[in-house]
Amino acid sequence: MLKSKTFVRKTRSGRVMKIVREHYLRDDIWCGSEVCTDCKQESTVLQRDACMESNLCAFPHYLIPDTNVVLHQIDVLEDPLIRNVIILQTVLSEVRHRSAPAYKRLKDIIHEKEKRFYTFTNEHHRETFIEREPGESANDSNDRAIRVAAKWYNQHLKTADADGLRVVLITNDQGNKEKAEESGLLAYRCEEYIKSLIANPELVDRLALTNDEKSDISSSKVLFPEHLPLSRIQGGIKSGSFLQGTFRASRDNYLEATVFVQGKGDDTTEVLLQGFQNLNRAVHQDTVAVQLLPRDQWVAPSSVVLQDNRVVKDDDTAEEEDEEKLKSTAAEAAKKPTGKVVGIIKRNWRPFCGMLNISQIKEATRQIFTPADRRIPRIRIETRQASTLAGQRIMVAIDGWPKHSRYPNGHFVRTLGPAGDKETETEVLLLEHDVPHQDFSQAVLSFLPKMPWNITPEDMAVREDLRQVTVCSVDPPGCTDIDDALHCRELDNGNLEVGVHIADVSHFIRPGNALDKEAASRGTTVYLCGRRIDMVPELLSSNLCSLRSNVERLAFSCIWEMNHKAEILKTRFTKSVINSKASLTYAEAQMRIDDTTMNDDITKGLRGLNTLAKILKRQRIEKGALTLSSLEVRFHMDSETHDPIDLQTKELMETNSMVEEFMLLANISVAQKIYDEFSECALLRKHPAPPPSNYDILTKAAKSKGLMIHTDSAKALADSLDMAKVDGFPYFNTLLRILATRCMMQAVYFCSGMDSDFHHYGLASPIYTHFTSPIRRYSDIMVHRLLAVAIGADSTYPDLMDKHKQSALCNNLNYRHKMSQYAQRASVAFHTQLFFKSRGILNEEGFILFVRKNAIMVLIPKFGLEGTVFFDNKTVPNLSFDEEGPTLTVVQHTFHMFDKVMVTVSLDDSNIQHQKIRMALVEPVIPGVSVPAPEVTPQAKKPKLDR
C-alpha cells in the first residue's frame, strides 16, 4: 500500500517547488517473537520465555521504552539483565536525531544477540502506521505512534499461543502513561519498573535522576546564579554582549578556568574565569556563553595551586577562603579579559572514572564521587552498594547540576575493578582519554585478506619490482609494526639513489568499508608502557603490512637521485614490491656504521644514508629548523610480573637522526606532490608560530642567567638557543630547550582548501604532511590515497576530493592524536609510580623548571620526572613571590628558574585514586622547611629484564 504526502516549498531563488513524498506500507513486517506463528519469520529475536522477575509483572513480558527512556536511561538498558526489548522505528529515528552517542550505544545493544533487542519498523507496517493529526505536536504524534504499536503487539501476541505474554510500555511522561492506561495498555515509569526487579537490586543505582529527584538532593539555599534561557543567550551572542566558547577547567586550581572563544580562522580569544559563582556550574569541555566583566574587575591567572580536597559541604565558606588566596596585585599587563558564565549552550558530559568518598554515616545512600580527572567536579550519587564499591574504580554519569547544589548530581554506571590494579588503571586511563580500545568487531575483521596471503601476478604487473635492492629497516627494539625501510646505492653516473619504502596499507584498507571507518575513527595507534592499542588489526599491523626482513611486502616508494652534497636531482613515486634484507635496531645499525671491518651492502648503504642525513640536517638547521628537547623515559620490565624495575631516559643515537631526516624528506616531497595535484583537498600538517606572549617564561628564564633569547623568527630562536651556554652548567642548554618546547603550539592536520597558512614552524618548511607511518596513523593512509591518484596508481572516490569532509576528518585526527599523547603521558606517570612504590625515599638532584606562588616545579633529569615542592603559608609564613622574576623567596632563600636543588622523591599513596610522586626539599638547607637526606639503603639485586 502506498501513502503519499504532497506539499510546496519556496526555494532560495523565490521559485515554488512541489514535493511529493511516498511512504510504503506493508503487511509482511515480522513481529520478531518466538511465540508467533502468523508472521512468516526466517529468524526470531524475542524469546518465548521472556521472564524478568518483577514484583509488578509476574508474567512473561516484552518491554517497549519510549524515546526519553532510551535517551536518559541508556545505562540501565545496557545492563545484561534487561532483555527482550522492542525498539520501535519511531524511537530509533528520534534518538538518532537527538543524540549521536546514545544512538551508537543503542545500535551496539541491538547488535548484541544475547540482549534480545528487536527493531520493529512500525512506521511501515499497515496496522501501526499513523498520520499526524492537525494541530498535533511532533512529540504527541510520536507518543501516539508508540502507544498504537504497543497495542498492536498486545493483540498480535494474544492470537498466538503466548502463555500470558504481554507488552509493557516504559515511559516517564505522565500524560503518555495515563493515555496508555486508558487504552488498556500496561505502562510503568522507568524507576517504578526497575525498582520492582528482584534479580538485581543494584540496577537501581544506574537510574539517571529525573528533574523531580534532582531538586530533592540539593539544599534550599541558592548557591549559583540562574542560567539564562537559550533564546536570551543567542540574542546576546548576536548582539556581541555574550561570547560563545569552550570551557576548559584548570588542573591545578579548581576555582579557575579559561573559555576559548573561536574567532575568524585560527584566531582564538581566551577569557579567564575565577571564583565559584563565575564558573557557574560549567564542566570541562562544555560549550558556554560568557559575559565579560568590566575592565576594572579583570584579573591575572593565579599562581596558587588549589585542589578541592576538603570535607563535602553545601555551603560556600570553603570557597570564600580559597577565593581569598586567588587575589593578587598583578601588574596591569598580566591581567587578562575576565568574565563569568551566564549560560550553558551544550553540555559535553560523558561517564567519568573515579572513586567514592564513602560517607561516615552508616547505611547512607547518598555518596560523593571523586573523578580521576581533577578538572571534573565531584559528583553526588545515590547508591545502596557503597560498602561493595569502596576501594573500587567506578564510572559515574552526571544527570544535572541544580543551582542549589554545591556539586552536580549523577548516577552509578559500572565498576571497573580494584584501584591500584594495573589492568584497572590502564582501563581508566584509556576511558578518560577517550581511546577506542575495544576488540575489532567481526564486521571489521571480515575485510581482512584471507590467509595464507601471497603477492599475486596481478600485483606484480602494476608495481615496480625492487626485491633485489638492498633495503633495510631501522627501528626501536621490539618493534613489530615496521612502517618504513630505506636503501642507498651508487648509480653508474656517480650519483646516489636513495629510497624510502613505506608499507602499502591503503592496498589492504579500501575506502568506506568497515575496516576503513574503524581506522578513521581510531585515528592513531596508542603506545602505552607494555601495551599497544592498534589502529588496524594485528594481521596487518604486525604481519602483512609490517616490512619485516626476508619476506616480500607491498610498499609505496619515494625514490630520489641525489649528488654527494645531498641535493635532489630527481624525485619519483611508485608502488613497489620489496624484500627487506635486515630489520635492525638503532643500536645495531649504529654498530654496523661504526665497525670499520664491516663492508657488506647493508652496512655500505647505511653509511651512505648517514652521511647524507648529516648534510640534510645541517641544511635544515641553517634554514631555521628548531632542535628542541623533551625527556623520554624507558622502563625495563620484570619478565614475569611485568612491573617496572628500571627507569632510564632514552638515549638518542646518530641512527635515530638518520632515519628521521629521510622520513622528513619523504614527507616534504609527498606534501609538495599532492598539493601540486590537488590544491583544494590535500591533507597537510602545519605547525603555527607561537604568539610572542608564549615566550615570556623562556625569555625570563634566560634573562635570570644574563642571556638574551630572540624569538622574532624560528631562525633567531634556533640561533639564540645554540648560543645560550652558562659556564659550569652544561645542562642549562638542555633545560632551556625543554622550556622552549613547552612554549610551542600543537602541530595540526588540515585540508589545503580550507586554510592559507601551510608553514611548519618547527621544521622551517613551507609545506609538510605525514606519509611515512600508515600502520599507526590514519592521516598517512589518506596521503597514500591522494598520492596514488596523483601518479595514476589508484582511482579516486568522492570523499577524497571533498574538502569539507577532509576538514572534518582532520579535526578527528587532531583530537585522537592529542588524546593519545595524553594517554601515553598518563601511562608513563602510572608506571613511574609503580617504580617508586618499592623504592622507599630516594635523594636526587633536580632543577627548578617553574616557580609558582606557593611551590617550585622540579625536573629530575635522571628519571625524566617532574614534581612539585609545596610551601605552606601556615608553616612557612615568610613566602614572597615576585611575578617579574619569577622568583620565590622562602625565609631567606630566593629560588630562581633552573636553580639546582636536592630533593627527596617518594610515592605518596595516601589517596589511592590520586597517588602522586611527592618531593621535599633537602638542599638548599632552609631551617624549618628542608628535610634531612634519607639514609641510602643498598639496592636489592635486580631481577631479570624483559627488554
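What you are looking at is a predicted structure, and each value in this text was computed from that prediction instead of being measured.

Reading guide: rules and limits
- Residues numbered from 1 in each chain as written.
- Predicted model: local features only at pLDDT ≥ 70, side-chain atom pairs only at ≥ 80, totals over all residues.
- Heavy atoms only, no water.
- Salt bridge = Lys/Arg side-chain N within 4 Å of Asp/Glu carboxyl O.
- Helix = DSSP H or I, 4+ residues; strand = E, 2+ residues; numbered from the N terminus.
- pLDDT = per-residue confidence, 0-100.
- Contact = heavy atoms within 4.5 Å.
- Core = buried A, V, L, I, M, F, W, Y, C linked by side-chain atoms within 4.5 Å.
- Buried < 20%, exposed > 50% of the residue type's maximum accessible area, 1.4 Å probe, protein only.
- Polar contact = N/O pair within 3.5 Å; in protein donor to acceptor, adjacent residues only side chain to side chain.
- Pairing = 2+ DSSP bridges.
- Axes fitted to C-alpha atoms, helices over the stretch in contact; angles between N-to-C directions.

Q: Help me get a handle on the pattern of salt bridges, residues and values and all.
A: If you walk through the whole model with that rule in mind, you get 48 salt bridges. Between K686 and D755 there is a salt bridge, with the nearest N and O atoms lying 2.7 Å from each other. Highlighted residues: K686 in strand β29 (residues 683-686) and D755 in the loop between β30 (748-751) and α24 (778-790), separated in sequence by 69 residues. Notably, a salt bridge pairs D780 with R777, separated by 2.9 Å at the nearest N-O pair.

Q: Give a description of the confidence of the model for the chain that names residues and reports values.
A: If pLDDT is low for a region, its predicted coordinates should not be looked at in detail. Confidence in the prediction of the chain, expressed as mean pLDDT, is 85, and 89% of residues score 70 or more. Counted against residues more than four places away or in other chains, residues 212-218, with its pLDDT under 50, gives 16 contacts. Across residues 938-947, confidence stays below pLDDT 50; counting only partners more than four residues off in sequence or on other chains, it has 17 contacts.

Q: How would you summarise the nonpolar core if you had to cite specific residues and measurements?
A: The biggest cluster of nonpolar side chains holds 88 residues, and the ones touching the most others in it are L540, W560, L606, F662, L683, F771 and Y778. Aside from chain neighbours lying at most four places away, what touches L683 is I674, Y749, F750, T769, S779, M782, V783, L786, Q806, L809, C810 and L813. Among the nonpolar cores identified, the runner-up in size contains 56 residues, and L77, V85, I86 and L157 belong to it.

Q: Before we move on, could you go through the environment of D908 and cite the residues and values that matter?
A: The residue D908 is located in strand β37 (residues 900-908) in this model. Note: C-alpha distance between D908 and R918 (ten residues apart in sequence) is 5.8 Å. With residues near it in sequence (within four places) discarded, D908 still touches Q915, K916 and R918. Side chain to side chain, D908 and R918 meet in a polar contact 2.6 Å long.

Q: Tell me about the sheet that holds strand β8 (residues 243-249), and please be specific about residues and values.
A: Backbone-to-backbone hydrogen bonds join strands into a sheet, with any given pair of strands oriented parallel or antiparallel. The strand order across the open sheet formed by five strands is β10-β9-β8-β11-β12, and the pairing between neighbours is antiparallel. Each having just a single partner strand, β10 (268-274) and β12 (339-346) make up the two edges of the open sheet. Strand-to-strand twist in this sheet, taken as the mean axis angle between neighbours without regard to direction, amounts to 40°. Bridge count for strand β9 (residues 256-262) against β10 is seven bridges, and the pairing is antiparallel. Note that in β10 the partner of V259 across the bridge is V271. Against the sheet, helix α9 (residues 230-239) contacts β8, β11 (287-292) and β12, and its axis sits at roughly 120° relative to β12.

Q: Summarise the side chain of S765; cite the residues concerned and give the values.
A: Position of S765 relative to the elements: it lies in the loop between β30 and α24. According to the relative accessible area criterion, S765 is buried, its value standing at 4%. Within the local environment of S765, its side chain forms a polar contact with the backbone oxygen of I767, the two atoms lying 2.7 Å apart. Contacts of S765, omitting those with residues within four sequence positions, involve I668, H759 and H760.

Q: Describe the sheet that holds strand β31 (residues 842-851), with residues and values.
A: Strand order in the open sheet formed by five strands is β33-β32-β31-β37-β38, with antiparallel pairing between adjacent strands. Looking along the sheet, the strands with just one partner apiece sit at the ends: β33 (865-870) and β38 (916-923). With direction set aside, neighbouring strand axes in the sheet form an average angle of 45°. As judged from the four bridges shared by β31 and strand β32 (residues 855-860), these two strands associate in the antiparallel manner. Among the inter-strand pairings, I848 is bridged to a residue of β32, identified as V858.

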